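Remarks on the overall topology
Listed below are the residues making up each chain.
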Amino acid sequence: MLKIAVIGGIETVMGFKALGLETYPAADAAEAGNILRTLTREGEEYAIIYIEENLAAQLAAEIDKFKDSPAPAIILIPGREGSLGLGQSALKAAVERAVGTNILGD
Amino acid sequence: MASTAVTPTRMVLNQLKGRLKTARRGHKLLKDKRDELMRQFMDVVKRNKQLRTRVEEGLTAAFASLQVASAIMSPEMLEQALLYPRQSVELGLKFKNIMSVNVPQYSFHTKNNDPTEIYPYGFAQTSGELDAALDKMARVFEDMLELAQVEKTMQLLAEEIEKTRRRVNALEYVMIPELTANIKYISMKLEENENSTKVRLLKVKEMVLQDAHHYK
């Protein structure tokens, strides 16, 4: 069976722990990067990795590497401070890639 | 542009004609594939947009509740309350084939099927706000799972569309024009050879006749 991981600030991941997800608190982007690398190395055990937006912002290069592989899915979630709009921008990037231009109009 | 590398023979001409036919058919098929992928992609994008908004709103609300809970309870108490999850999630992964793109389909099982069983603590020492926060979390989690599926699907489709679009363009603007030009070049060359052969024959005939009958 596959697992779901959540990487984020300790206060962000706390709530997810109660849901039964595996949580990995990270204080800064460097730590989050290390965690991400370990999780993705472990023989595809993690199918979904949720990562907090403000940490993901500095790990864009690492995250992009998994864009074209079917697993794991790395999904940005907003942190405590609310949405930074990075998740929406990932959507826009995908549309631009496929269509060649942003047709969503925002 | 007719590249000078082709030898103007009938055999090469036939080969090129065959390749042109294949290229045209491939172009048509790929174009259809691209259109269908695009249609699917737009559906997925729409769904993704909805889910993204819902998840972000839901999580923000859940975090706000959690914030309130952590203001009421001491950090140690809160940590203790959430230390041992009662619930555990197992994820099943299957792949669905959309136009030869394998996209993930997640199915998830919680070990505990009772939705009221998400609270890993006794109610005596915790505040009600924590219950509310976890409840919101649990609700938003289903959307999060679907978001993961949809977002991955979107990324994989985007990649495939990009690839297909490139192939279509390469066929349309490079391969097919080049083949057509080469075919034209060869057929013109062959015609030219034929003409010169004909002229040569006429000339020879004239010379032969002159020799035989002393025609002028």
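Residues numbered from 1 in each chain as written. Chains lettered and ligands numbered in written order. Predicted model: local features only at pLDDT ≥ 70, side-chain atom pairs only at ≥ 80, totals over all residues.

Here we take up the overall build of chain B. When helices and strands are tallied, chain B shows three helices and two strands. Counting from the amino terminus, chain B carries its helices and strands in the arrangement α-α-β-β-α. Taking 216 residues into account, the globule formula puts the C-alpha radius of gyration at 17 Å, and chain B, at 36 Å, lies well above it. With the C-alpha coordinates aligned to their principal axes, the bounding extent of chain B is approximately 130 × 30 × 25 Å. Contacts in chain B between residues at least 24 apart in sequence constitute 83% of all its contacts with a sequence separation of at least 6. (Helix = DSSP H or I, 4+ residues; strand = E, 2+ residues; numbered from the N terminus. Rg over C-alpha atoms; globule rule 2.2 N^0.38 Å. Contact = placed C-beta atoms within 7 Å.)

Turning our attention to the nonpolar core. Counting residues in hydrophobic clusters, the biggest one holds 66 residues, and the most contacted among them are A:Ile7, A:Ile48, A:Ile49, A:Ile51, A:Ile75, B:Met137 and B:Leu157. Ranked by residue count, the leading element in this core is helix α3 (residues 128-213) of chain B, at 17 residues. Residue contacts for B:Leu157: discarding those within four places in its chain leaves A:Ala98, B:Leu37, B:Gln40, B:Phe41, B:Val44, B:Ile98 and B:Val101. (Core = buried A, V, L, I, M, F, W, Y, C linked by C-beta atoms within 7 Å. Buried ≥ 20, exposed ≤ 12 C-beta atoms within 10 Å, placed from the backbone.)

What follows deals with the sheet that holds strand β4 (residues 73-77) of chain A. Two modes of strand pairing occur in sheets, parallel and antiparallel, and in both the strands are linked by backbone hydrogen bonds. With parallel pairing, the four strands of this open sheet are ordered in space as β2-β1-β3-β4 (chain A). The two strands at the open ends of the sheet, each matched to only one other strand, are β2 (22-25) and β4 of chain A. Here the average twist between neighbouring strands, direction ignored, is 20 degrees. On top of the sheet, α3(B) reaches β3 (46-52) and β4 of chain A; it is set at about 125 degrees to β4(A), its chief contact. (Pairing = 2+ DSSP bridges. Axes fitted to C-alpha atoms, helices over the stretch in contact; angles between N-to-C directions.)

Each partner contributes to the interface: chain A provides 33 residues, whereas chain B provides 44 residues. Mapped onto the side of chain A that touches chain B, the elements with two or more residues apiece are β1 (3-8), α1 (10-18), β3, β4 and α5 (86-99) of chain A. When residues in the side of chain A that touches chain B are grouped by element, the largest group, seven residues, is from α5(A). Class assignment of the residues belonging to the side of chain A that touches chain B gives a composition of 21 nonpolar, six polar and six charged. (Nonpolar A, V, L, I, M, F, W, Y, C, P; charged D, E, K, R; others polar.)

Residues and elements named next belong to chain A. With 13 residues, helix α2 (residues 29-41) extends 18 Å from end C-alpha to end C-alpha; this agrees with the ideal 18 Å at 1.5 Å per step. Restricting attention to buried positions, one finds in α2 the residues Ala32, Leu36 and Thr40. Considered in projection along α2, the buried side chains sweep an arc of 60 degrees and stay on one side of the axis. In α2, those exposed residues whose orientation departs by more than 90 degrees from the buried face are Ala30, Asn34, Arg37, Thr38 and Arg41. (Expected span 1.5 Å × (residues − 1). Arc of directions from axis to C-beta.)

Turning to helix α2 (residues 75-83) of chain B, its buried residues are B:Leu78, B:Ala81 and B:Leu82. Down the axis of α2(B), the smallest arc covering the buried residues is 85 degrees, so these residues share one side. Exposed residues on α2(B) whose side chains face more than 90 degrees from its buried face are B:Glu76 and B:Leu83. Looking at the buried residues of α2(B), the elements they touch are α1 of chain A together with α1 (10-72) and α3 of chain B.

Further remarks concern the packing of α1(B) against α3(B). Each packed pair of helices is defined by two parameters, the angle between the axes and the distance between the axes. All names here are of chain B. Where α1 contacts α3, the axes come no closer than 3 Å and their chain directions differ by 165 degrees. The pairing of α1 with α3 is recorded here as roughly antiparallel in orientation. Here the contact of α1 with α3 is composed, by residue class, of 40 nonpolar, eleven polar and 20 charged. (Parallel < 35°, antiparallel > 145°, perpendicular 65-115°, else oblique.)

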